[in-house]
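Architecture at a glance
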Amino acid sequence: MNKEERLNKINNDIKVYLNEAKFISNKCRNRVIKILGEEFGINIDKDSYVEYQNVDIVISNNGSIIIRGCEFTTDRDDIDKIEESFNNFKVKVDSFLKKKEINFETKNDFNNIINLIMIVLLLLIICVITIIAVKSIFSGNLQFTLWFVIFVLPYIIPNLKENLKSRIESARIFLKRLLKRHK
């Protein structure tokens, strides 16, 4: 690859890192810009990018860094020095972003496991309600049975039924996905 292509690849990679950091937060994006400045040996003025929503960073042919029209000169005028500084930047930013990254898959799996536990608890509640109702009928305690059937069951069963239905459907989808993932 010639110098122009290598520089173009570096600039594109920097844009990718900035977009990934911006997805996490503006503070994270600002930290990535600070790391870039540290690796290229310049002090990037925070006022030149903090208030802007989008920040474009370009490394020019002479090694200077241009951020939203502000040019910061570096002593990296050779493409090999630029690439070396960029590779150091890449290592630091990768480890930084890995720490800040939100792992939706793990969080989602955790929520699905809690959902499975809730299904077991709801099924236990249904069993307890059924046992109480059957015991009161067979023991001849008709007053308790009548009170239980008229006042308690209408409030518990509809909510329990809808809650259990939605949870079972979510659990079915999770288990199906989990089985596909481990095949």
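This text gives an overview of the structure that appears in the document. Predicted, not measured: the structure shown is a model, and the values here were computed from it. Just so you know, the residues in each chain are numbered from 1, in the order the chain's sequence is written. Selection of residues for local features in this predicted model requires a pLDDT of at least 70, selection of side-chain atom pairs for listing and counting requires 80 or more, and totals for whole chains, interfaces and linings are taken over all residues. No hydrogens and no water enter the side-chain calculation; it runs on all heavy atoms of the structure.

Here we take up helix H2 (residues 26-39). A run of DSSP states H or I qualifies as a helix once it reaches four residues; a run of E qualifies as a strand once it reaches two. Both are numbered from the N-terminal end. To estimate the expected span of a helix, subtract one from its residue number and multiply by 1.5 Å. The end-to-end C-alpha separation of H2 is 20 Å, in line with the 20 Å expected for 14 residues at 1.5 Å each. Only protein chains enter the area calculation, which uses a 1.4 Å probe; residues under 20% of their type maximum are buried, those over 50% are exposed, and those in between are partly exposed. Turning to H2, its buried residues number three or more, namely Cys 28, Arg 29, Asn 30, Val 32, Ile 33, Ile 35, Leu 36, Gly 37 and Glu 39.

In this section: the pattern of salt bridges. Any two side chains of opposite charge can pair, so long as their charged atoms come close to each other. Whenever a carboxyl oxygen of Asp or Glu lies within 4 Å of a side-chain nitrogen of Lys or Arg, that contact is scored as a salt bridge. A complete count under the given rule lists six salt bridges for this structure. Asp 80 serves as the salt-bridge partner of Arg 6, at 2.7 Å between the closest nitrogen and oxygen. Residue Arg 6 is found in helix H1 (residues 3-24), and its partner Asp 80 is found in helix H3 (residues 79-100); the two are separated by 74 residues along the sequence. With a relative accessible area of 45%, Asp 80 lands in the partly exposed category. Arg 172 serves as the salt-bridge partner of Glu 169, at 2.6 Å between the closest nitrogen and oxygen. Of this pair, Glu 169 and Arg 172 both sit in helix H5 (residues 142-181), three residues apart, which is roughly one turn of that helix. Here the salt bridges do not stand alone but share partners, grouping Arg 6, Asp 80 and Glu 83 into one network.

We now examine the nonpolar core. Core analysis: the biggest nonpolar cluster contains 27 residues, and Ile 14, Ile 57 and Phe 89 have the highest contact counts within it. Every element with two or more residues in this core is listed here: H1, H2, strand E1 (57-59), strand E2 (65-67) and H3. Looking at this core, the element that brings in the most residues is H3, giving seven residues. We call two residues in contact whenever any of their non-hydrogen atoms come within 4.5 Å of each other. Dropping the residues within four chain positions of it, Phe 89 is found in contact with Ile 14, Tyr 17, Val 32, Ile 35, Leu 36 and Glu 39. We call a set of buried residues a nonpolar core when its members are Ala, Val, Leu, Ile, Met, Phe, Trp, Tyr or Cys and they connect through side-chain atoms within 4.5 Å of each other.

With antiparallel pairing, the three strands of this open sheet are ordered in space as E1-E2-E3. In the strand order of this sheet, the two ends are held by E1 and strand E3 (70-72), each with one partner. Neighbour-to-neighbour, the strand axes of this sheet turn through a mean angle of 20°, independent of strand direction. Direction of pairing for E2 relative to E3: antiparallel, over a ladder of three bridges. By definition, two strands form a pair when at least two bridges between them are found by DSSP. All axes here are fitted lines through C-alpha atoms, helices being fitted over the stretch that makes contact, and every angle between N-to-C directions spans 0 to 180 degrees.

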